[in-house]
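# A look at the structure
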Amino acid sequence: MASPLQPVRGTRDLIGEDFRSHHHVVETARRVSALYGFEEWSTPIFEDTRVFSRGLGDTSDVVSKEMYTFTDRGGDSITLRPEGTAGLCRALVSNGLAQANLPRRVFCAGPMFRYERPQKGRQRQFHQIGIELIGVPEPLGDVEVIACGWAILKALGLGDKITLEINTLGDGESRAAYRAALVSYFSAHASKLSADSQMRLERNPLRILDSKDEGDRALIAGAPSFDAHLTPSAREFFARVTGGLEAMGLAYQVNQRLVRGLDYYCHTAFEFTTTALGAQGTVMAGGRYDGLVEQMGGPPTPGVGWAAGVERLAMLLAVEPEAPRPVALVPLGEKAETAALAIADRLRAAGLRVELGYRGNLKRRLENANKRGARAAVILGEDELARGMAALKDLDSGEQADVPLAELEARLKRDR
Ligand code: ATP
Ligand code: MG
């Protein structure tokens, strides 16, 4: 035998209850975001590399260290998407939607790829759900996007495990002033910064605040805060966002150190975090990205949105979604087996989940049905069939009764 092949490091198969939890998270997000008016889009899993290098910025960790980039057979540079927002904005522009019918509310779900060190809650192929509200410059948009995220977390039963942290990255003017303050502070401590952060100091000092390095964290604790450098209009914008959250009864904590790892953010940045997952505590993260559509070659268009890690949310679910319980069809003898095929299809057409048992005697087949979690068995003996009857056995109570074939659908639906 050939040696068994393994999944690639940092990837996981989703089977059985893992798949069901995953699916439950995505379906809940799909359902709740639809109530907020979001429509689902699906964009390609790979894009022209420039979608991400322009969209996320060359100095971001994702672009500089984590992308799966390759040259395809035609010589084009292709990247497996590391996140969803850049591709959605690219789609908006390439489909000529950037000026028509704004605002757009878009929901998206699917796999993302980042070359990271795999650990609990951190994979190389992982999945995100996300929403984007495009074309709304007002702070009310930020509030609605956050509220929709919160509604999804609540619908997943995670309301009391999650905290909302929020910050503002201000407008361009505020960021330039803050950047200068950070450069002067960190330059005085440059030798103590990690190698990565020394590079960030030159290229994108705000990013240092996002560093996970222990030594950096100690320095970050003493860094100047953004607050003092906000322009009055940026301050007013943020006040309207927090005011909106308060009006909705949404509790939040201002975290002045919160920045997003991606270049295109301005004004509001937020994260929903939990202490239940160890180091990988951020389950949902987002903010405002007013410059991104322009980066994709479209007109200046404001945007605000978030993305959440499906694996991290699935790990937090208190109860695993139950496996569906089929009805087992147990034909006895060759004639009954043939008849069973048509009966099974009739029941399926009525919306029932039906599995056929193929092997062994009645006892074996019933054992099998129990193992598969079946809720009922329909036993088709040849004598009963000749009389237009079947034996219906409730596999929880063990009760059994003869039922006319024509009444099977109704009985099975009633007993569900
Ligand atoms: P982190 O700080 O954990 O690396 P990030 O800032 O890189 O997160 P975002 O780009 O904001 O993450 O992605 C949004 C969400 O996607 C994260 O909050 C997290 O829930 C999830 N996520 C990001 N990277 C991974 C990964 N490698 N594996 C699993 N989930 C991930
Ligand atoms: Mg990351």
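Attention in this report is confined to the structure presented alongside it.

Rules of the game
Residues numbered from 1 in each chain as written. Chains lettered and ligands numbered in written order. Predicted model: local features only at pLDDT ≥ 70, side-chain atom pairs only at ≥ 80, totals over all residues. Heavy atoms only, no water. Buried < 20%, exposed > 50% of the residue type's maximum accessible area, 1.4 Å probe, protein only. Helix = DSSP H or I, 4+ residues; strand = E, 2+ residues; numbered from the N terminus. Pairing = 2+ DSSP bridges. Polar contact = N/O pair within 3.5 Å; in protein donor to acceptor, adjacent residues only side chain to side chain. Axes fitted to C-alpha atoms, helices over the stretch in contact; angles between N-to-C directions. Contact = heavy atoms within 4.5 Å. Near = heavy atom within 4 Å. Areas by Shrake-Rupley, 256 points an atom, 1.4 Å probe, with all protein chains shown as cover.

This paragraph deals with the pairing of strand E5 (residues 104-113). Within E5, eight of the ten residues are buried, leaving the element largely enclosed by the surrounding structure. Judged from the two bridges that link them, strand E1 (residues 39-40) and E5 form a sheet pairing that is parallel. Across the sheet, Glu39 pairs through a bridge with Val106, a residue of E5. As defined by bridge partners, E5 adjoins strand E6 (residues 125-134) across ten bridges and the pair is classed as antiparallel. The partner of Phe107 across the bridge, within E6, is Ile131.

Moving on to the environment of Arg20. By the element assignment, Arg20 lies in helix H1 (residues 17-35). Polar side-chain contacts of Arg20 include one of 3.4 Å to the backbone oxygen of Pro321.

Another aspect to go through is the sheet that holds strand E15 (residues 389-394). The strands making up a sheet associate through backbone hydrogen bonding, with each pair oriented either parallel or antiparallel. Pairing within the open sheet is mixed, and its five strands lie in the order E13-E12-E14-E15-E16. Of all strands in the sheet, those with a lone pairing partner are strand E13 (354-356) and strand E16 (400-404), marking the two edges. Each strand axis lies, on average, 30° off the axis of its neighbour in the sheet, ignoring direction. Summarising the sheet, E15 and E16 pair through five bridges and their orientation is antiparallel. Along E16, the bridge assignment pairs Leu392 with Ala401. On top of the sheet, helix H13 (residues 362-371) reaches strand E12 (327-331), strand E14 (376-380) and E15; it is set at about 170° to E12, its chief contact.

Summarising the element assignment, Arg117 is placed in the loop between E5 and E6. Through-space distance from the C-alpha of Arg117 to that of Ser64 is 15 Å; in sequence the pair is 53 residues apart. Excluding residues that lie within four positions of it along the chain, Arg117 makes contacts with Arg9 and Arg122.

Moving on to the site of ligand 1. Taken together, 15 residues lie around ligand 1, and Arg114, Glu116, Arg122, Lys212 and Arg260 are the ones closest in. With respect to ligand 1, the side chain of Lys212 contributes an N or O atom lying 2.8 Å from an oxygen atom. Residue Arg312 places a side-chain N or O atom 3.2 Å away from an oxygen atom belonging to ligand 1. Here ligand 1 has 580 Å² of accessible area as a free molecule, and 90% of this is covered by the chains. For the shell around ligand 1, the elements supplying multiple residues, two or more each, are E6, strand E10 (282-288) and strand E11 (303-309).

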